[in-house]
Amino acid sequence: RKLQAIGTVVLLTAKPETIFERVRYNTNRPLLKDNMNVDYIRQMMEKRRVYYEHAATVTVSTDGKIITEIAKEILEKCDHTLLRVDCTGEEIRNLCDQGVRYHCASVCIPPCHVAGAKRYVGDRLKICTVIGFPNGYMTSAAKAFEAADAIRNGADEIDMVINLSMVKDGCWQDVEKDIMAVRE
């Protein structure tokens, strides 16, 4: 979960036979150096599968695909993000252009840029924003207002920073109420 806290974790999968074909002539694979065969790859994958799947936020099969197809599929499942406090309208438009060009799932931008970005891209790209960013310690009412305002301005998706103080204090009912206030 620590990996997921810092960003999107992409799990690239392939059949053991595919992996064998891709690496069989590569002598720089320490784990396969003495066991370069499909059965060993299958066993190793099975032992690690639960850990990989637990860590992943996005899974992409690479079987039968070239690298550009894999990259395109990854981008289609990820937000292209610019949340820097001093980002300009021009930078947001450039981000949107990249998001459209690379078929990203959305662009994730500060709430103050949502209306302009929505006017700029129309329906060619989803607009996402983050409520309560970066610390999440404002009131639930303030977050609810911010979310409603972002939706009125054209946001297609809302992410929310939860109140970390509530989490650290173990106040899970308060965390739930905070989330529900924004959802309503």
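Residues numbered from 1 in each chain as written. Predicted model: local features only at pLDDT ≥ 70, side-chain atom pairs only at ≥ 80, totals over all residues. Heavy atoms only, no water.

## Things to note about the packing of helix α2 (residues 16-23) against helix α3 (residues 38-55)
Interaxial distance between α2 and α3 falls to 9 Å at its minimum, and their mutual angle equals 120 degrees. Classified by the angle their axes make, α2 and α3 are oblique. Relative to α3, the crossing made by α2 is right-handed. Along its contact with α2, which presents Pro-16, Glu-17, Ile-19 and Phe-20, the element α3 presents Val-38, Ile-41, Arg-42 and Met-45. Of the residues in the contact of α2 with α3, the class split is six nonpolar, no polar and two charged. (Axes fitted to C-alpha atoms, helices over the stretch in contact; angles between N-to-C directions. Helix = DSSP H or I, 4+ residues; strand = E, 2+ residues; numbered from the N terminus. Parallel < 35°, antiparallel > 145°, perpendicular 65-115°, else oblique. Left-handed = near helix turned anticlockwise from the far one by under 90°. Contact = heavy atoms within 4.5 Å. Nonpolar A, V, L, I, M, F, W, Y, C, P; charged D, E, K, R; others polar.)

## Considerations on the sheet that holds strand β6 (residues 157-160)
Strand order across the open sheet formed by four strands is β3-β4-β5-β6, with parallel pairing between neighbours. Edge positions in the sheet fall to β3 (79-81) and β6, since each of these pairs with one other strand and no more. Across the sheet, the mean angle from the axis of one strand to that of its neighbour is 30 degrees, orientation sign disregarded. As judged from the four bridges shared by strand β4 (residues 106-109) and strand β5 (residues 126-131), these two strands associate in the parallel manner. Looking at the pairing, Val-107 lines up with Ile-127 of β5. In the packing of helix α7 (residues 140-152) onto the sheet, the strands contacted are β5 and β6, and the crossing angle to β5 comes to about 165 degrees. (Pairing = 2+ DSSP bridges.)

## Side note on the nonpolar core
Counting residues in each nonpolar core, the largest one holds 17 residues, and the members touching the most others are Ile-92, Cys-96, Val-107, Ile-109, Ala-117 and Ile-127. Of all the elements in the fold, those that place two or more residues in this core are α5 (89-101), β4, α6 (114-121), β5 and α7. Ignoring sequence-local partners within four residues, the contact set of Ile-109 consists of Leu-82, Leu-83, Ile-92, Leu-95, Val-114, Ala-117, Ile-127, Cys-128, Thr-129 and Val-130. Listed in part, the five residues of the second largest apolar core include Val-23, Leu-32, Ile-41 and Met-44. (Core = buried A, V, L, I, M, F, W, Y, C linked by side-chain atoms within 4.5 Å. Buried < 20%, exposed > 50% of the residue type's maximum accessible area, 1.4 Å probe, protein only.)

## Re the state of the cysteines
Evaluation of the coordinates by the stated rule reveals zero disulfides. The structure places no disulfide on Cys-112, whose sulfur is separated from the nearest cysteine sulfur, that of Cys-87, by 6.3 Å. Summary of cysteine pairing: Cys-128 is not part of a disulfide, and the nearest cysteine sulfur, belonging to Cys-108, is at 3.7 Å. (Disulfide = S-S within 2.5 Å.)

## Thoughts on the packing of aromatic side chains
Where two aromatic rings form a pair, the distance of their centres and the angle of their planes describe that pair. Within the structure shown, the criterion is met by zero aromatic pairs. Over the ring of Phe-145 we find Arg-152; its NZ or CZ atom is 6.0 Å from the centre of that ring. (Phe/Tyr/Trp six-rings, centres within 6.5 Å; stacked < 30°, edge-to-face > 60°. Lys NZ or Arg CZ within 6 Å of the ring centre and 35° of its normal.)

## Let's talk about the environment of Thr-129
Along the chain, Thr-129 turns up in strand β5. Spatially, the C-alpha atom of Thr-129 lies 13 Å from that of Cys-96, the residues being 33 residues apart in sequence. The residues contacting Thr-129, other than those within four sequence positions of it, are Cys-108, Ile-109, Pro-110, Pro-111, Val-114, Ala-150, Ala-155, Glu-157, Ile-158 and Asp-159.

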